[in-house]
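Here is what each chain is made of, one letter per residue.
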Amino acid sequence: MISPPDPALCEAITRATARALEQAEITLPPDVVRALEAARDRETSGIARGEIENILANIRLAESLRVPICQDTGIPVVYLTLPPSVPLSQHILDAVAEGVRRATREVPLRPNVVDPLTRENTGDNTGPGMPVVHARPGEKLSVTVLPKGAGSENMSRVAMMLPTEVENIPRFVAETVLIAGGKPCPPVILGVGIGGTFDWAAAAAKEALLEPIDAMSPYERELLDAVNDLCIGPMGLGGKTTALAVKVKTAGCHTASLPVAVNVQCWACRRATVEVEW
Amino acid sequence: MSVIHLCTPLSHEILMLRAGDHVTLSGTVYTARDEAHVRMRDEGIPFDPHGAAIYHCGPVVHGGKIIAAGPTTSARMNSLSGFLLDRGVRALVGKGGMGRQVAEQMRGRAVYLAFTGGCAALAASRMTLRRVYFEDLGMAEAVYEIDLDHLPLVVGIDAAGNDLFEGVNRNALARFKKRFSTPREVAP
């Protein structure tokens with residue numbers, strides 16, 4: 001029998017969640033800003049450069065005015081790492097949801113969560129199954145948030161490919177971006193999940209977006225080249241930078257299947273981690 | 001880079017604009033998303049649409065102020081924009097471009113102006129909230145009347161039917177087919 005966690009622990013988790021959301025919504029991680037600056041310097045078209053200049057000006061303004069980077073403050077996806085001393089319980093998930101409610105009021109965030117059928121808005125960015133929380137064992141208790149806007153999320157795709165189609169993965173990734181065009185606010189960052197199961201691939205594609213975009217493997221670069229060769233450019237107005245980076249996660253899968261998921265992320269790759277102290 | 005400064009109410013000057021031109025927009029704009037378009041189509045437009053600019057946007061509004069107001073995906077309003085153009089709207093502002101039918105409906109009378117997606121703080125810093133219509137639709141879907149000060153935009157579709165996005169998409173499809181010439185069907 002495990003007793004419910006200390007109320008002070010729950011309050012600390014709530015506080016950490018709200019603070020991580022505030023930070024993610026207002027300040028972009030330095031690796032993403034650096035990638036945007038490098039992209040601006042590479043662009044030769046006046047329109048493409050102008051779009052990235054607007055983005056960089058927007059990032060500076062959001063930080064100095066302490067307002068959200070984008071009006072689509074997204075829906076929060078939360079990743080917890082739990083040390084052995086903290087068991088995962090409903091109390092902890094409730095504390096995370098309370099942090100989302102607090103951030104929605106205080107940052108403030110746009111209330112985006114609705115019932116999928118009635119479309120009724122819950123008003124506080126929580127609801128049945130929301131926020132989505134992924135928990136993993138870890139050394140320390142930490143809360144990582146990834147607020148995900150709809151413009152890019154809506155262009156994401158999963159494919160159950162044939163096991164013999166490994167060489168067609170770059171085609172599927174590029175095709176996803178081709179279909180998306182300017183809609184997901186390029187330059188995008190692509191999270192790609194390869195292997196596992198149908199559900200694992202989608203979750204891994206999203207988790208790949210938590211990785212710094214400074215470094216890429218040769219395979220990730222190959223995928224990036226295929227995407228940038230489309231010349232869709234910033235905001236679909238043409239240019240060299242359709243994507244800033246591609247990040248891949250792989251897992252073992254059934255010998256008869258090859259799940260592949262592409263999670264599209266706009267340039268505003270908002271992520272923040274706060275360690276919980278109590 | 002020369003920039004053309006536009007101010008509402010818009011008139012014949014927009015006919016001179018060409019796809020790719022850099023412009024700024026000042027004056028009054030009205031935000032509208034999916035639900036606001038349906039309400040305006042069914043129940044009437046609550047403001048004077050003559051020479052007006054419609055901004056596809058669902059802002060964050062707090063304490064009577066616009067906090068964050070970047071553009072939303074304009075293509076969702078493809079089938080909902082004709083009646084506004086018929087009533088005298090001269091500019092649609094948003095991101096991602098619009099369908100061919102909208103480009104045809106705009107021919108000789110209106111333009112599509114692209115704003116950088118996600119640039120919500122930049123947009124809000126150039127905006128003053130005047131009033132709100134259809135408040136019952138909720139924060140993201142209500143129609144806000146906003147006083148705008150020099151928002152930097154690119155002409156995406158001009159009144160002659162030239163469409164920057166269409167050209168980029170056509171080129172992207174050609175490049176895709178060239179690179180992946182395996183005999184499989186191409187989705188779009």
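In short, a report on the structure. Along each chain, the written sequence defines residue order, and numbers are assigned to residues from 1. Going through the entries in the order they are written, you letter the chains from A and number the ligands from 1. Residues qualify for local features only when their pLDDT is at least 70, as the model is predicted, and side-chain atom pairs are given and counted only at 80 or more; totals for whole chains, interfaces and linings, by contrast, use all residues. Side-chain descriptors were evaluated using all non-hydrogen atoms of the structure, hydrogens and water having been removed beforehand.

**Examining the pattern of salt bridges**
Pairs may arise between side chains of opposite charge once their charged atoms sit close together.
Line of reasoning, step 1. We count a salt bridge whenever a side-chain nitrogen from Lys or Arg sits within 4 Å of a carboxyl oxygen from Asp or Glu. Summed over the entire model, instances satisfying the criterion amount to 30 salt bridges over all chains.
Line of reasoning, step 2. One salt bridge connects Arg270(A) with Glu25(A), and the closest N-O pair in it is separated by 3.2 Å. In this pair, Arg270(A) sits in the loop between β7 (258–265) and β8 (272–275) while Glu25(A) sits in helix α1 (residues 7–26), placing the two residues 245 residues apart along the sequence.
Line of reasoning, step 3. Each residue gets one of three labels from its accessible area relative to the maximum for its type: buried under 20%, exposed over 50%, partly exposed in between, using a 1.4 Å probe on protein chains only. Of the residues examined, Arg270(A) reaches a relative accessible area of 1% and is grouped as buried.
Line of reasoning, step 4. A salt bridge links Asp136(B) to Arg39(B), with the shortest nitrogen-to-oxygen separation between them at 2.7 Å. With Asp136(B) in the loop between β8 (127–133) and β9 (143–157) and Arg39(B) in helix α1 (residues 34–43), the pair connects residues that are 97 residues apart, well separated along the chain. Every helix listed is a DSSP run of H or I at least four residues long, and every strand listed is a run of E at least two residues long, numbered separately from the N terminus.

**Structural notes on the interface of chain B and chain A**
Line of reasoning, step 1. At the junction of the two partners, chain B supplies 46 residues and chain A supplies 41 residues.
Line of reasoning, step 2. By buried area we mean how much accessible surface two parts lose on assembly, using a 1.4 Å probe and totalling the loss over both. Regarding the contact of chain B and chain A, the summed buried area is about 3,700 Å², with carbon and sulfur atoms giving 64% of it.
Line of reasoning, step 3. Applying the counting criterion to the chain B and chain A interface returns two salt bridges.
Line of reasoning, step 4. Pairs of N or O atoms within 3.5 Å make up the polar contacts considered here, provided that, within protein, one atom can donate a hydrogen while the other can accept it, and that residues adjacent in sequence are counted only when both atoms are side-chain atoms. Taken together, the connections running from chain B to chain A amount to 14 residue pairs in polar contact (both at pLDDT 80 or more).
Line of reasoning, step 5. Elements with a minimum of two residues in the side of chain B that touches chain A: β4 (60–62), β5 (65–68), α4 (120–124), β9 and α5 (164–179) of chain B. The criterion used for residue contact is that any of the two residues' heavy atoms lie within 4.5 Å.

**Some thoughts on the environment of Ile13(A)**
Residue and element names in this part refer to chain A.
Line of reasoning, step 1. Within the secondary structure layout, Ile13 lies in helix α1.
Line of reasoning, step 2. Here Ile13 falls in the buried class, since its relative accessible area comes to 0%.
Line of reasoning, step 3. Sequence separation of Ile13 and Ala215 is 202 residues, and the distance between their C-alpha atoms is 31 Å.
Line of reasoning, step 4. Not counting the four nearest positions on each side in its chain, Ile13 is found in contact with Ile92, Ala95, Val96, Leu141 and Val276.

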